[in-house]
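# Structural overview
What follows is the residue order along each chain.
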Amino acid sequence: MTDPHGGTALPQERRLVTAVPGPKSQELMARKQATVADGVGTVMPVFAKRAGGGVLEDVDGNSFIDFGSGIAVTSVGNSAAEVVRRATAQLEAFTHTCVMVTPYEPYVEVCEQLAELTPGDHAKKSALFNSGAEAVENAVKIARVYTKRHAVVVFEHGYHGRTNLTMALTSKNMPYKHGFGPFAPEVYRVPVAYPFRWLTGPENCAEEAAAQAISQIEKQVGAENVAAVIIEPLLGEGGFIEPAKGFLPRIERFAKDNGIVFVADEIQSGFCRTGHWFACEDEGVVPDLITTAKGIAGGLPLAAVTGRAEIMDAAHAGGLGGTYGGNPVACAAALGSIHTMREMDLASRARRIEDVMKPRLQKLAEQHGVIGEVRGRGAMLAIELVQPGTKDPNPEATAALAKACHQEGLLVLTTGTYGNVMRFLPPLVIGEDLLNEGLDILEGALASL
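Notes on the structure follow. (Residues numbered from 1 in each chain as written. Predicted model: local features only at pLDDT ≥ 70, side-chain atom pairs only at ≥ 80, totals over all residues. Heavy atoms only, no water.)

Attention shifts here to the sheet that holds strand E7 (residues 226-231). An order of E4-E10-E9-E8-E7-E5-E6 is seen for the seven strands of this open sheet, with the pairing classed as mixed. Because the sheet does not close on itself, it has two edges, and the strands there are strand E4 (124-129) and strand E6 (187-190). Strand-to-strand, the axes of this sheet are offset by a mean angle of 20°, without reference to chain direction. As judged from the six bridges shared by E4 and strand E10 (residues 303-308), these two strands associate in the antiparallel manner. By the bridge assignment, Leu 128 is partnered in E10 with Ala 304. Each of E4, strand E5 (151-155), E7, strand E8 (261-265), strand E9 (289-292) and E10 is contacted by helix H5 (residues 132-147), which is oriented at about 30° to E10, the strand it contacts most. (Pairing = 2+ DSSP bridges. Helix = DSSP H or I, 4+ residues; strand = E, 2+ residues; numbered from the N terminus. Axes fitted to C-alpha atoms, helices over the stretch in contact; angles between N-to-C directions. Contact = heavy atoms within 4.5 Å.)

Turning our eyes to something else, we now look at empty space enclosed by the protein. One pass over the full model with this rule turns up three cavities of 30 Å³ or more. What lines the largest cavity is Pro 233, Glu 242, Pro 243, Lys 245, Leu 248, Ala 279, Cys 280, Asp 282, Glu 283 and Arg 377. The residue inventory of the lining of the largest cavity, partitioned by class, reads five nonpolar, no polar and five charged. Put simply, the second largest cavity is a space of about 40 Å³. In terms of lining residues, the second largest cavity is bounded by Thr 118, Pro 119, His 122, Lys 124, Pro 287, Asp 288, Leu 289, Ile 290, Thr 306 and Gly 307. The set of elements that each furnish at least two residues to the lining of the second largest cavity consists of E9 and E10. Residues that form the lining of the second largest cavity fall into these classes: four nonpolar, four polar and two charged. (1 Å grid on protein atoms, 1.4 Å probe; cavity = no way out; pocket = protein on both sides within 12 Å on 5 of 7 lines; lining within 4 Å. Points joined across faces, edges and corners; volume = space filled by probe spheres on them. Nonpolar A, V, L, I, M, F, W, Y, C, P; charged D, E, K, R; others polar.)

Applying the stated criterion to the full structure yields 21 salt bridges. Two residues, Asp 313 and Lys 125, come together in a salt bridge whose shortest N-O distance is 3.0 Å. Taken together, the positions of Asp 313 in the loop between helix H9 (309-312) and helix H10 (328-344) and Lys 125 in strand E4 put the pair 188 residues apart, joining distant regions of the chain. Residue Asp 288 pairs with Arg 308 through a salt bridge whose shortest N-O separation is 2.8 Å. Of this pair, Asp 288 sits in the loop between E8 and E9 while Arg 308 sits in strand E10, and the two are 20 residues apart along the sequence. (Salt bridge = Lys/Arg side-chain N within 4 Å of Asp/Glu carboxyl O.)

Here the focus is the layout of surface pockets. Each pocket or cavity is described by its volume, and for the second largest pocket that value is around 470 Å³. Lining the second largest pocket are 23 residues, with Tyr 107, Cys 111, Ser 126, Ala 127 and Leu 128 positioned closest to its centre. Elements that contribute at least two residues to the lining of the second largest pocket include exactly helix H4 (105-117) and E4. Among the elements that make up the lining of the second largest pocket, the one with the highest residue count is E4 (six residues). Its residues assigned to classes, the lining of the second largest pocket shows 13 nonpolar, six polar and four charged.

Right under this line is the structure:
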């Protein structure tokens, strides 16, 4: 238990040697409460020591099956070999120069990879940042300067970040926005095609939601005033909502017809997570701009805006950037992460995870009325919990289910506008034995509700 290394060297097994949390985690939690702001919340009351593959080990020696991936970040696994190798080499060369002062090749290489991997065969350019929120905020800046318009349209249940502008873009109040206003102006929210909760049924959802959204834009904002339409192709914090088929292409076409920059926020859904490199590929949607972060760099902070060269070049020299944006170590890690995704064909691995998990989740839904819907794609799956016999949200059951899973050694995350969705984001390198063991734990936890 003294080996500090994680990654592929870590035994791929669930192991509980203390109660959860154990004594060392409890001691560290007391230290955290004394010195860390209360606003920095915690999902699980344990402290990580090492992680790799499909498991995370805490300071007490408990090993948890990881169905969270640090919120879709460690898709290639924690401390993945190629990420560590390249980041270590870069650390030994230099840690920082600021790309705006003295540029370096890894930044350019990441942008080259993004131009190749993102949807569309048009000329593309990128700018690199530190976080998803920064990427979204800069996408808005770029769209505004390109169109010379100010309004931004977003969608119900969307999440785009915690900065002032991205809080305005985000739909959910608690915990992301409550008490933090006033927010940035010229942000307009329209309906999204949420099949499970569409009043006239999922079969009408795409057409009716698109018509309502477009009507609101035209009547309440004016299409000629809109700089950007921003949407997650598979909504994350809103509850892993998969917009009804046909909705995204209809919104993309409306944007194109009206000179509006169509922005796909792929921060949670990108980099093989949904079974494609990017979720918008599922319906052949080609965004003008695409924002990425999370899974791009194997756990190091990096984000990007990638898009049509003529749009990306609209910003004047010096208008984009930041001291740490595109840090060389993070860029090296991203190149290692992308190499791993290519080499292991992790998009296919995500589809295999869906093949293993989704049928079992659907069987659980048939057995337990508390599960209203199973949804998602690839390794971005979810169950929405309801009051049995209704579609009324059941956040209490969701919280109880998560706690029961945690106690048995399964790391799971909750989400959703109503706090009633359990999401599953396993590392794409997780073994199928761990997937099935995690689902066994979920099954037992559901039976205990």
